[in-house]
Structures are given as C-alpha cells and as structure tokens.
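Fold and geometry: a report
Listed below, chain by chain, are the residues.
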Amino acid sequence: MNRMTIWILIIAIVACIAFFALRDRSPSLPLGDGPVIALGDSLVYGYGATAGRDFVSLLSARIGEPIVNMGVSGDTTAGGLARVDEVVAREPRAVILLLGGNDFLRKVPRAQTFANLKSIIQKLQASGARVLLLGVRGGLLSDSADSDFKRLADETGVEYVPDVLDGLFGDSRYMSDSIHPNDAGYARVAERVYPALAKTLK
C-alpha cells in the first residue's frame, strides 16, 4: 500500500468519525414542528408580573409564536421531574427549563437538585427536544450554584443562561418582593434569555 493510499484512508476515517460525532449532538438535529414549552416554578409562571408581562409572554412576542407556560409556583426540581412526562407528551421541539430556586430555599441537598435537573434534561433530549437551561442564585448573598449549573450544561450539551435574576435582587425598580421580579424585572430577564433562546431555536 503506497503512501497516497494510506493518506486517503486516514482522511476517510477522520471524515467518518467527524460525521457521526456531529450527528449525535442534539443541537445539530433539525427542529420538529412541536411547541416551545417553559417548564419551571413561580418565575416561569410570572408571579409578580401583570398579565402578559411575565418573561415567557415577552419571549413569546419576541419569537412570534406561543410558548406554552408550564410554570407552577412553589415547584421544585422533584416536582418538575414528576411533570416532565406531561411536557414530553406535547412533543415539544424546545423547552426552557428554570428550576432550583425552591430547592435552595428548602435546603434540598445540592446533589439531589442537580441529579433531578439532569434527569429532566435527559428525558427531554431523549424525546427530541432541545433544552435551554436557566440558572438561578444558590444564595441571597452570592451565587453558589453557578458552577453546578455550568457543569450540568456542559455535561448535557444544552444552552445555558446564568443567574437570570443577576443585578435585580434588592432593587425595588425591578422586584415586586424579595424573590420575584415586577414587570420591569421580567423585561430584563427576557432580554437576558432571548439570545440563547434564538440560538436554541436555530
């Protein structure tokens, strides 16, 4: 076998490996025709906002199509995991996932919180949906959960927006209470999330 033949074989093998590696990455798969769904807690539900001014509604207007709001006030990652089959049944093409804040408030073990989030993401991905993960603060004084959210995003290959309430806590211009934004705050959240959502939907 001459040198030219060997190089041709090497190039062919590398090309095959690259093809299958890219094929297996969920972001490279074409989007289906299913809805976009937001799964989460009171922040997704829009607690503290006037009608139509929650960040899910604002994102819906921005992308020009409905986003199914499956936010439940007080929900935890365990609750989200229990509801994920309802989401999958709707055959979504993309899911915005925002959970964890209530786990932190209730002092759920951090490992359990992120194990639940990982299971939710894997179930959604197995159904063919792309996932956009939104981070929340792990504490009032500092964001102790950011590294865990980043690690989860890297492990699952999803788009990630860190701490969606960054810069809003403690500012009465943006908060309706100590935890939930007002209309102006949700507008800031929507602006923060939109670029990642647009990328997820490409």
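To be clear, the structure that these remarks concern was listed above.
A brief look at the structure comes next. (Residues numbered from 1 in each chain as written. Predicted model: local features only at pLDDT ≥ 70, side-chain atom pairs only at ≥ 80, totals over all residues. Heavy atoms only, no water.)

We now examine the side chain of H180. In this structure, H180 sits in the loop between β5 (159–161) and α8 (183–200). Classification of H180 as buried rests on a relative accessible area of 11%. Among the polar contacts made by the side chain of H180, one reaches the side chain of S42 at a distance of 2.8 Å. Apart from residues lying up to four places away in sequence, H180 is in contact with S42, L43, Y47, M175 and Y186. (Helix = DSSP H or I, 4+ residues; strand = E, 2+ residues; numbered from the N terminus. Buried < 20%, exposed > 50% of the residue type's maximum accessible area, 1.4 Å probe, protein only. Polar contact = N/O pair within 3.5 Å; in protein donor to acceptor, adjacent residues only side chain to side chain. Contact = heavy atoms within 4.5 Å.)

Moving on, we get to the packing of helix α6 (residues 110–126) against helix α7 (residues 146–156). Where α6 contacts α7, the axes come no closer than 11 Å and their chain directions differ by 30°. As summarised for this structure, α6 and α7 are arranged roughly parallel, according to the angle between their axes. Here α6 and α7 pass one another in a crossing that is right-handed. For the pair formed by α6 and α7, the contact residues are R110, F114, L117, K118, I121 and Q125 on the first element and D148, F149, L152, E155 and T156 on the second. (Axes fitted to C-alpha atoms, helices over the stretch in contact; angles between N-to-C directions. Parallel < 35°, antiparallel > 145°, perpendicular 65-115°, else oblique. Left-handed = near helix turned anticlockwise from the far one by under 90°.)

To continue, consider the pattern of salt bridges. Per the counting criterion, the structure on display carries ten salt bridges. Linking R137 and D163 is a salt bridge whose minimum nitrogen-to-oxygen distance equals 3.5 Å. Of this pair, R137 sits in the loop between β4 (130–134) and α7 while D163 sits in the loop between β5 and α8; the two residues are 26 residues apart in sequence, bridging distant segments of the chain. Per residue, the accessibility class of R137 equals that of D163, and both read buried. Between D148 and R151 there is a salt bridge whose closest N-O contact spans 2.9 Å. Of this pair, D148 and R151 are both found in helix α7, three residues apart, which corresponds to roughly one turn of the helix. The partly exposed category is assigned to R151, whose relative accessible area is 44%. The structure contains a network of salt bridges with shared partners spanning R110, D148 and R151. (Salt bridge = Lys/Arg side-chain N within 4 Å of Asp/Glu carboxyl O.)

Owing to its 3.6 residues per turn, the α-helix brings residues three or four apart onto one side. Its 17 residues place the ends of α6 24 Å apart at the C-alpha level, agreeing with the 24 Å of an ideal helix rising 1.5 Å per residue. Where α6 is concerned, the buried positions are T113, F114, N116, L117, I120, I121 and L124. Looking straight down α6, one finds its buried side chains confined to an arc of 155°; they lie on one side. Within α6, the exposed residues directed more than 90 degrees away from the buried face are A111 and A126. (Expected span 1.5 Å × (residues − 1). Arc of directions from axis to C-beta.)

So, on to the packing of helix α4 (residues 77–89) against α6. Closest axis-to-axis distance for the α4/α6 pair is 9 Å, and the angle between their directions is 5°. Here α4 is positioned roughly parallel relative to α6, judged by the angle of their axes. Taking contact as the criterion, the partners of T77, A78, G80, L81, V84, V87 and V88 in α4 are, on α6, T113, N116, L117, S119, I120, K123 and L124.

Inspection of every chain in the model, using the stated rule, returns three aromatic pairs. When the ring of F55 is compared with that of Y186, the centres are 6.4 Å apart and the planes differ by 15°; the resulting orientation is stacked. In this pair, F55 sits in helix α3 (residues 55–63) while Y186 sits in helix α8, placing the two residues 131 residues apart along the sequence. Each of the two residues, F55 as well as Y186, counts as buried. Judged by centre distance (4.9 Å) and plane angle (75°), the rings of F114 and F149 are edge-to-face. With F114 in helix α6 and F149 in helix α7, this pair connects stretches of sequence that are 35 residues apart. The two residues F114 and F149 agree in class, both being buried. Among the aromatic residues, ring-to-ring pairing joins F114, F149 and Y160 into one connected group. One cation-aromatic arrangement involves R62 over Y194; the distance from NZ or CZ to the ring centre is 3.9 Å. Positioned above the aromatic ring of Y174, the side-chain terminus of R188 is 4.7 Å from the ring centre. (Phe/Tyr/Trp six-rings, centres within 6.5 Å; stacked < 30°, edge-to-face > 60°. Lys NZ or Arg CZ within 6 Å of the ring centre and 35° of its normal.)

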